[in-house]
Amino acid sequence: MWQFENERERGRKGDLAPLTYDRKPLLSTELIMPDKKVYIETYGCQMNVADSEVVLSILKEAGYSQSEEINDAGLILINTCSIRDNAEQRIWGRLKAISHLKKKRKDLKIGIIGCMAERLKEKLLETEQLVDIVVGPDAYRELPLLVAEAEAGHKAVNVLLSREETYADISPVRMDRNGVSSFVSIMRGCNNMCAYCVVPYVRGAERSRNPQSIIKEVKELYEMGYREVTLLGQNVDSYKWDNGDSSAGFPELLETVAGISPLMRVRFSTSHPKDISDELLYVIARHRNICKHIHLPAQSGSSRILKLMNREYSREWYLDRVNAIRTIIPECALSTDMITGFCTETEVDQKESLSLMEQVGFDFAYMFKYSERPGTKAARKYKDDVPENIKSERLSEMIALQNKLSSASKKHDVGKNFEVLIEGASKRSEAYLSGRTSQNKVVVFPGENHSKGEYVNVIIERCTSATLLGRIV
Ligand code: 5AD
Ligand code: SF4
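The structure contained in this document is the topic of the report that follows. (Residues numbered from 1 in each chain as written. Chains lettered and ligands numbered in written order. Predicted model: local features only at pLDDT ≥ 70, side-chain atom pairs only at ≥ 80, totals over all residues. Heavy atoms only, no water.)

What follows covers the overall build of the protein chain. Check the secondary structure of the protein chain and you find 16 helices and 21 strands. In terms of C-alpha radius of gyration, the protein chain reaches 23 Å, essentially the compact-globule figure of 23 Å for 473 residues. Looking at the protein chain as a whole, 58% of its 473 residues are labelled buried. By sequence separation, contacts in the protein chain at least 24 residues apart represent 73% of the contacts at least 6 residues apart. For the protein chain, the exposed area adds up to about 20100 Å²; of that, 51% sits on carbon and sulfur atoms. Seen as two clouds, the 67 positive and the 67 negative side-chain charges of the protein chain have centres 3 Å apart. (Helix = DSSP H or I, 4+ residues; strand = E, 2+ residues; numbered from the N terminus. Rg over C-alpha atoms; globule rule 2.2 N^0.38 Å. Buried < 20%, exposed > 50% of the residue type's maximum accessible area, 1.4 Å probe, protein only. Contact = heavy atoms within 4.5 Å. Areas by Shrake-Rupley, 256 points an atom, 1.4 Å probe, with all protein chains shown as cover. Lys, Arg positive; Asp, Glu negative; His and termini not counted. Charge placed at Lys NZ, Arg CZ, Asp CG, Glu CD.)

What follows is the structure, given as structure tokens:
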């Protein structure tokens, strides 16, 4: 979920409609370069994937079409992630490789957008001089103007954060994954000050998007043939819309989105253990098409570390929320994010993380070594005192445990029936289809003339480490 993804690979698989030029030119640059092509590469979280789709929509309005081939594009944008140092290092490497293209193509423009733009604008423009355009996550509407600036030979920068921008009125251009499932951003920014996290600094304060615009977007997706949406926010539980006339929290929003069509599955990410309410759990339980999977990052199983992390809950509170989920939605899958080696973490804290994971029996987990991020509370106040080799050892230990838990979770499904939404042919063979259960587990089965976007009932016959295998019943 929080892995690097390459937009180009995704774009190739998809069936994106061609972009058109049926509008009046907005910028003088269009007259110079009528066939303007942009290539976007996306790193980081699902929010960045959704943002790249907004960026493409804005550029399409300004006369660009999407290129799936980096060598055809006059504008290359890299949508970046700052969450951990290795994310940034990987992007620096890529940027250096791409900047070589400029030697052969003098008019090529390269832009860094997203979280690294916000964090590293000076270094990007001045020290390294690899890029022409630097645009932060709240300034994408300015992109056409900034590209024009760059084409006129100036460095173009806008990293201002906004208290209002939600891009509510922009219909994202789907840089399509499979034509079946898509992301819809419902809020931006974050007001939680987790001590390790750079997100509030690079994405600004939390703001919720107008629910009408969310519902409109989901309806459009349904009409285009999509059958699953994931509502995205850094902390969806604190979604709040109030404009004087109407107000809604996340439970109401989720219920309204679920009401659009029983054939449209709804997922959401990310929930915060301190905020997830029983009211929300009852909404999930009531609606068949709200997927029975909650991503509920624990980060640590030690109350002492959770306090230092400023997570605002204890181990006991987390386990109480898990109990509520198990009681209200018995068939619900649970996943988590975990960090090893946070400041002052001891072997005892590590054991508590492992025991929490075991006690909950997570179906999936994303696990990371702590990476100090400049400017965060942890960087300012605590010492990054767990040696790298210990962080790595603890991470390996945690991954080994999660492999066992994931495998147990899949074995538990063997012999059961699941409703599966088909996402397309399986990677290995056209004769097999691949889809997901409501619990977000991947299922592969013989196709029998069914196609993507359809629901089928599949009985699970066996499983591999990553996949459930079955047949349609
Ligand atoms: N170091 C390591 N992992 C981090 N995460 C966020 N910030 C850091 C950091 N500084 C992890 C958290 C979060 C996920 C998206 O990334 O687990 O939930
Ligand atoms: Fe997403 Fe956070 Fe990375 Fe930004 S820093 S791309 S919000 S994971």
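Time to look at the site of ligand 1. The immediate surroundings of ligand 1 are formed by twelve residues, with Arg84, Tyr196, Gln299, Asp337 and Ser371 found nearest. Taking Gln299, its side chain carries an N or O atom lying 2.6 Å from an oxygen atom of ligand 1. Within the backbone of Ser371, a nitrogen or oxygen atom sits 2.7 Å from a nitrogen atom of ligand 1. In the complex, the protein chains occlude 95% of the 400 Å² of accessible area that ligand 1 would expose alone. Going through the elements one at a time, β15 (333–340) and β16 (364–369) are the ones with two or more residues in the shell around ligand 1. For the shell around ligand 1, the per-class residue count stands at six nonpolar, two polar and four charged. (Near = heavy atom within 4 Å. Polar contact = N/O pair within 3.5 Å; in protein donor to acceptor, adjacent residues only side chain to side chain. Nonpolar A, V, L, I, M, F, W, Y, C, P; charged D, E, K, R; others polar.)

Attention now moves to helix α14 (residues 347–360). Taking 1.5 Å per residue, 14 residues should reach 20 Å; α14 reaches 20 Å between its end C-alpha atoms and fits that length. Among all positions of α14, only Asp349, Gln350, Ser353, Leu354, Leu356, Met357 and Val360 are buried. The arc that holds the buried residues of α14, viewed along the axis, is 155°, so those residues lie on one side. In α14, those exposed residues whose orientation departs by more than 90 degrees from the buried face are Val348 and Gln359. Gly361, located one to two residues past α14, shows a positive phi value of around 65°. (Expected span 1.5 Å × (residues − 1). Arc of directions from axis to C-beta.)

In this section: the pattern of salt bridges. Inspection of every chain in the model, using the stated rule, returns 33 salt bridges. Between Glu53 and Arg174 there is a salt bridge whose closest N-O contact spans 3.1 Å. Taken as a pair, Glu53 in helix α3 (residues 46–61) and Arg174 in the loop between β6 (156–158) and β7 (181–185) lie far apart in primary sequence, 121 residues in all. Its relative accessible area of 1% is what places Glu53 among the buried residues. For Lys351, the salt bridge goes to Glu397, with nearest N and O atoms at 3.7 Å. With Lys351 in helix α14 and Glu397 in helix α16 (residues 388–413), the pair connects residues that are 46 residues apart, well separated along the chain. Since its relative accessible area comes to 33%, Glu397 is described here as partly exposed. A single salt-bridge network, built from bridges that share partners, covers Asp51, Asp138, Arg188, Arg203 and Arg207. (Salt bridge = Lys/Arg side-chain N within 4 Å of Asp/Glu carboxyl O.)

Below, the discussion takes up the site of ligand 2. Residues in close proximity to ligand 2 total eleven residues, the closest being Cys45, Cys81, Cys115, Val199 and Arg203. Here the residues of the shell around ligand 2 sort into six nonpolar, four polar and one charged.

For the rest of this paragraph, the subject is the sheet that holds β15. Strand order in the open sheet formed by three strands is β14-β15-β16, and the pairing between neighbours is parallel. Looking at the sheet topology across the chains shown, the edges are occupied by β14 (293–295) and β16. This sheet shows a mean twist of 10° between the axes of neighbouring strands, independent of strand direction. Where β14 meets β15, three bridges bridge the pair, whose relative direction is parallel. When the bridges of β15 are listed, His293 appears paired with Ala333. (Pairing = 2+ DSSP bridges. Axes fitted to C-alpha atoms, helices over the stretch in contact; angles between N-to-C directions.)

Relative to the assigned elements, Asn158 resides in strand β6. Accessibility expressed as a relative area gives 16% for Asn158, which makes it buried. Of note is the side chain of Asn158, whose polar atom sits 2.9 Å from the backbone nitrogen of Leu160.

The subject of this paragraph is the nonpolar core. Ranked by internal contacts, the top residues of the largest apolar core, which has 66 residues, are Leu231, Phe250, Leu254, Ile294 and Phe342. By residue number, the principal contributor to this core is helix α13 (residues 315–328), which donates six residues. In contact with Ile294, not counting residues within four places along its chain, are Phe268, Ser271, Ile276, Leu281, Ile284, Ile325, Ile329, Cys332, Ala333, Leu334 and Ser335. In this structure, Ile58, Ile133, Tyr140 and Leu146 belong to the second largest nonpolar core, which totals 24 residues. (Core = buried A, V, L, I, M, F, W, Y, C linked by side-chain atoms within 4.5 Å.)

Strand order in the open sheet formed by three strands is β7-β10-β13, and the pairing between neighbours is parallel. Taken across any chain shown, the strands that pair with only one partner, and hence form the sheet edges, are β7 and β13 (265–269). For this sheet, the mean angle separating the axes of adjacent strands, direction not counted, is 25°. Judged from the five bridges that link them, β7 and strand β10 (residues 228–232) form a sheet pairing that is parallel. Within β10, the position partnered with Ser182 by the bridge is Val229. Sitting on the sheet, helix α9 (residues 211–223) touches β7 and β10, and the angle it makes with β7 is about 170°.

This brings us to the state of the cysteines. The full count for this structure, using the stated rule, is zero disulfides. You can see Cys291 has no disulfide; the closest cysteine sulfur is in Cys332, sitting 9.8 Å from it. The buried category is assigned to Cys291, whose relative accessible area is 2%. (Disulfide = S-S within 2.5 Å.)

Another aspect to go through is the packing of helix α10 (residues 250–258) against helix α11 (residues 278–286). Any two packed helices are characterised by how steeply their axes cross, that is the angle between the axes, and by the distance between the axes. Running from N to C, α10 and α11 point in directions that differ by 10°, and their axes come no closer than 9 Å. By the angle between their directions, the pair α10 and α11 is classed as roughly parallel. Contacts between α10 and α11 involve Phe250, Pro251, Leu254 and Glu255 on the former and, on the latter, Glu279, Leu280, Val283, Ile284 and Arg286. Across the contact of α10 with α11, the residue classes break down as six nonpolar, no polar and three charged. (Parallel < 35°, antiparallel > 145°, perpendicular 65-115°, else oblique.)

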